[in-house]
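A look at the structure
Given next are the chains, with one letter for each unit.
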Amino acid sequence: MRAIIQRVTSASVTVDNAVISQISRGLMVLVGIGTDDTASDASVLINKILNLRVFNDLVESEKMWKASVKDIDGEILCVSQFTLLANTTKGNKPDFHRAMSAESSQVMYAAFLDQLRQAYQTEKIKDGRFGAMMNVSLTNEGPVTFTLDSRKFDYIEPSGTEAETKRKPKTSGS
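Residues numbered from 1 in each chain as written. Predicted model: local features only at pLDDT ≥ 70, side-chain atom pairs only at ≥ 80, totals over all residues. Heavy atoms only, no water.

In the nomenclature of an unreviewed UniProt entry, the chain corresponds to D-aminoacyl-tRNA deacylase from the organism Lentinula boryana. As its UniProt record puts it under Subcellular location (unreviewed entry), the chain is described as follows: "Cytoplasm". (UniProt positions renumbered as here; feature names shortened; annotations may be inferred.)

Shown next, in the form of structure tokens:
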């Protein structure tokens, strides 16, 4: 399961020229569900979304990375987005085979939202409309944007780089 989170001062979702959801300060969360994702993947993302420190300290506003969305009593706007699972490595047409089917994904996304509401505050969690053509508007504060992946997706530096050399533990006798 993959999520793109953006720290926002405001965000909204419009369907058929009508605003169906909107938030003030908080997080805009785009959620992609893969073919092999489970409830465990949802739990990992929910924990990270609620606890990742992406806001300034409430007391000393110049101190970054001190507060989570819960700490600032912020809102969260979630939008299901299967395109986050696209494979774009071959050719110019995205391949969506890694994305869960619409029927299964709708069930898992609803469970994700329910679990997020239970873990935080129901009234602070807003949603788009699953499967609809949506227009998403937001004001990204910072800008601050992170990609979260429930499967510990890490970027590995090529071997022999300066950063890798600095990380190697020193052995005794050297």
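**Considerations on the overall build of the chain**
Of the regular secondary structure elements, the chain holds three helices and six strands. Order of helices (α) and strands (β) in the chain, N terminus to C terminus: β-β-β-α-β-α-β-β-α. Out of the 174 residues in the chain, the part that is buried amounts to 37%. Taking the contacts inside the chain whose residues are at least 6 apart along the sequence as the reference set, 71% of them involve residues at least 24 apart. (Helix = DSSP H or I, 4+ residues; strand = E, 2+ residues; numbered from the N terminus. Buried < 20%, exposed > 50% of the residue type's maximum accessible area, 1.4 Å probe, protein only. Contact = heavy atoms within 4.5 Å.)

**Things to note about the environment of Gln106**
Mapping Gln106 onto the fold places it in helix H2 (residues 102–119). A relative accessible area of 43% means that Gln106 is categorised as partly exposed.

**Brief notes about the confidence of the model for the chain**
Of all residues in the chain, 86% have pLDDT values of 70 or greater, and the mean over the chain is 89. Low pLDDT (under 50) marks residues 163–172, which in the prediction has six contacts with non-local residues, meaning those over four places away or in another chain. (pLDDT = per-residue confidence, 0-100.)

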